[in-house]
Amino acid sequence: MSNETSFETFLGQQNEEAWASALATLLRSIHEVDRTATQIWFAFYPLSLFSALRDADDRDQLVQQLLLQGDYELKDQIDRSHRFLYGHRFWPQIRKAVAAHADSFAESAHTSLPDQIFTVARAVAQQSKTDESLLVGITAVAFMTVQQTGLDAFKAAPGTIGIDKKHAKKSPEQILRDRAKVDSQGLLGFLKTVNKQFTVTHDENDNQANYKLNEGQDLAWGAAEDRSRDWVAIDPRRMEGPIPVECRSASCGTCWVGVVGGAERLSDVGVREGKKIKEFGYIDSVEPKPLIRLACQALAQGAVSVVIPPWNGQFGKYLKSLKRDQSEHVSPIREAPSEAPRKETLN
Ligand code: FES
């Protein structure tokens, strides 16, 4: 890129490892309301996938090979990809401050990635008289957005907030209290014979965005009962309620969700879910209750709050093979995703 700014050059030098290390440093300083949400956002928009698509000889072919569906590119959602972060409320100020930071960036004087993020978050916190911890996550998101979209596109985005005034006024404590709420099962709720029902919230900024499911049902099962809206009109992948699903057997990766609240109230990750979620590329974790789950496999044991990513695909095995081949300095062997779902074999 000939017109690349020195800030973009700096960001271009930050690889996945650099970002993982920066996030580990930043997380300690991110308010609880956004600590998990920030990690979910970084899982939703992986730098490694962005780089693989950018560098592909035939991008369209790779998109097909990785079975990518939906809005997987940040450039199409600069202002809204982070709507589920509390810090989204400060997006106009953060966007302006990051753009100003980029314009005044002097390569020779730059500090580390986390230090730059702290500096911008601190400046906005002082200007807007806000707790800095509420701005660190959204500032990191803004930096990564510039890296993936370029500074011009970042600056050209309208910089608007995508939530209504009523929700924008909620305090972080109110949101944490809502996430901690337990569904009342009525006076006889303690009896084993009572069919317990739990609430799944899938957009904390919309009072209607929730559905009920019975104890032990998976998140996707409960979602299929929700016919309150024309879900397909909202997202063509949502053919059976608010959560996109296809196979219901941990084979396609369509139903991945981020769990912002109540992860401890879901069943532990089973062997198949754990294996497939890594193969899809969504999360590489041995945690029994990680922040990314396959909705068709996670069974409800209480109320949860989830975020639905606007896309899905199968890229874990491909990116691993790419990394392996790059480290060996040979041309990549492009592995096809395992169990690539064929529409006619699903359901
Ligand atoms: S619906 Fe296919 S993995 Fe869950």
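See above for the structure.
By convention here, each chain's residues receive numbers from 1 onward along its written sequence. Per-residue local features are limited, in this predicted model, to residues with pLDDT of at least 70; the limit for side-chain atom pairs, both in listing and counting, is 80 or more; totals at the level of whole chains, interfaces and linings are taken over all residues. Think of the side-chain values as coming from all heavy atoms in the structure, minus any hydrogens and water.

### Notes on the pattern of salt bridges
Basic side-chain nitrogens of Lys or Arg form a salt bridge, by our definition, when they fall within 4 Å of a carboxyl oxygen of Asp or Glu. In this structure the tally under the stated criterion is 20 salt bridges. A salt bridge links K323 to E16; its shortest N-O distance comes to 3.5 Å. Pair noted here: K323 is in helix 15 (residues 316-327) and E16 is in helix 2 (residues 16-27), with a separation of 307 residues, a long-range link. To sort residues, take the accessible area from a 1.4 Å probe on protein chains only and compare it with the maximum for the residue type: under 20% means buried, over 50% means exposed, and anything in between is partly exposed. The partly exposed category is assigned to K323, whose relative accessible area is 43%. E73 is the salt-bridge partner of R59, the closest N and O atoms lying 2.5 Å from each other. With R59 in helix 5 (residues 59-65) and E73 in the loop between strand 1 (69-70) and helix 6 (91-103), the pair connects residues that are 14 residues apart, well separated along the chain. R59 gets classed as partly exposed once you look at its relative accessible area, which sits at 28%. Secondary structure elements follow DSSP: runs of H or I no shorter than four residues count as helices, runs of E no shorter than two count as strands, and numbering proceeds from the N terminus.

### Overview of the nonpolar core
Nonpolar cores are built from buried Ala, Val, Leu, Ile, Met, Phe, Trp, Tyr and Cys residues. Side-chain atoms within 4.5 Å join them into one set. Judged by nonpolar contacts, the single largest core of 97 residues is most densely connected at W19, W41, F143, L219 and I292. A total of eight residues in this core trace back to one element, the largest contributor, which is helix 8 (residues 136-149). Split by domain, the residues of this core number at least three in each of domain 1 (6-161) and domain 2 (173-312). Working rule for contacts: check all heavy atoms of both residues, and any pair within 4.5 Å makes them a contact. Excluding anything up to four places from it in sequence, W19 contacts Q14, F42, L47, L113, I117, A140, F143, M144 and Q147. Just so you know, the domain bounds were taken from an automatic or database domain assignment.

### Looking at the environment of D103
Among the structural elements, D103 can be located in helix 6. With relative accessibility at 54%, the residue D103 sits in the exposed group. Placed 97 residues apart in sequence, D103 and S6 show a C-alpha to C-alpha distance of 8.8 Å.

Function cannot be inferred from these measures alone, as they are strictly geometric.
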